[in-house]
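Descriptive analysis of the structure
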Amino acid sequence: MAAGGTALDPEVVSQLLGASLGDRRPGRGTSGLGSLTTREREVLSLMAEGRSNAAIAAELVVSPGAVEKHVAGIFAKLGLPPSDGDNRRVLAVLRYLGT
């Protein structure tokens, strides 16, 4: 913004507020992180840094397909089904950051 303010994605604000207000709808709570493998946690951590799948693959020295499988596993274990209204990657990162 020209005046020095900040702009936040409304979806991110909604998720942050939902988490702070105890939103426990399916796919919105903090459960599920304990079921992630060490590699899935590494992938999720890199996702939280804003890395693309290609950058994650390069960092972990694995194929992009392997990263896609880990991301799919993360979504499944966190109970984040495909949705037209939600960005699963953002929701997974928010859950990770909320721990």
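Each residue is numbered by its place in its chain's sequence as written, counting from 1. Since the coordinates come from a predicted model, pLDDT governs what is reported: local features require at least 70, and pairs of side-chain atoms require 80 or more to be given and counted, while whole-chain, interface and lining totals use all residues. Heavy atoms from the whole structure form the basis of all side-chain values; hydrogens and water molecules are not counted.

**Brief notes about the overall build of the protein chain**
- Strands here are runs of E lasting at least two residues and helices are runs of H or I lasting at least four, both read from the DSSP assignment and numbered beginning at the N terminus. From N to C terminus, the protein chain includes 5 helices and 0 strands.
- Going from N to C terminus, the protein chain has its helices and strands arranged as α-α-α-α-α.
- Expressed as a percentage of the 99 residues in the protein chain, the buried residues total 28%.
- The contacts of the protein chain with a sequence gap of at least 6 include a subset with a gap of at least 24, amounting to 61%.
- Accessible areas in this description were obtained via Shrake-Rupley with a 1.4 Å probe; residue shielding takes into account the shown protein chains only. For the protein chain, the accessible surface area stands at approximately 6,000 Å², while carbon and sulfur atoms represent 57% of it. Exposure categories follow from relative accessible area, calculated using a 1.4 Å probe and restricted to protein chains: below 20% of the type maximum is buried, above 50% is exposed, and the middle band is partly exposed. Any two residues whose heavy atoms approach within 4.5 Å are treated as being in contact.

**Here we look at the nonpolar core**
- By nonpolar core we mean a set of buried residues, namely Ala, Val, Leu, Ile, Met, Phe, Trp, Tyr and Cys, connected to one another through side-chain atoms within 4.5 Å. Residues Val43, Leu44, Met47, Ile56, Ile74 and Ala92 are the most contacted members of the largest nonpolar core, which totals 18 residues.
- Secondary structure elements with two or more residues in this core: helix 2 (38-48), helix 3 (53-60), helix 4 (64-77) and helix 5 (88-97).
- Sequence-distant contacts of Ile74, defined by excluding residues within four places in its chain, comprise Leu36, Glu40, Val43, Leu44, Met47 and Ala92.

**Observations concerning the environment of Gly73**
- Looking at the element boundaries, Gly73 is found in helix 4.
- Taking the C-alpha atoms as reference points, Gly73 and Leu36, 37 residues apart in sequence, are found 8.1 Å from one another.

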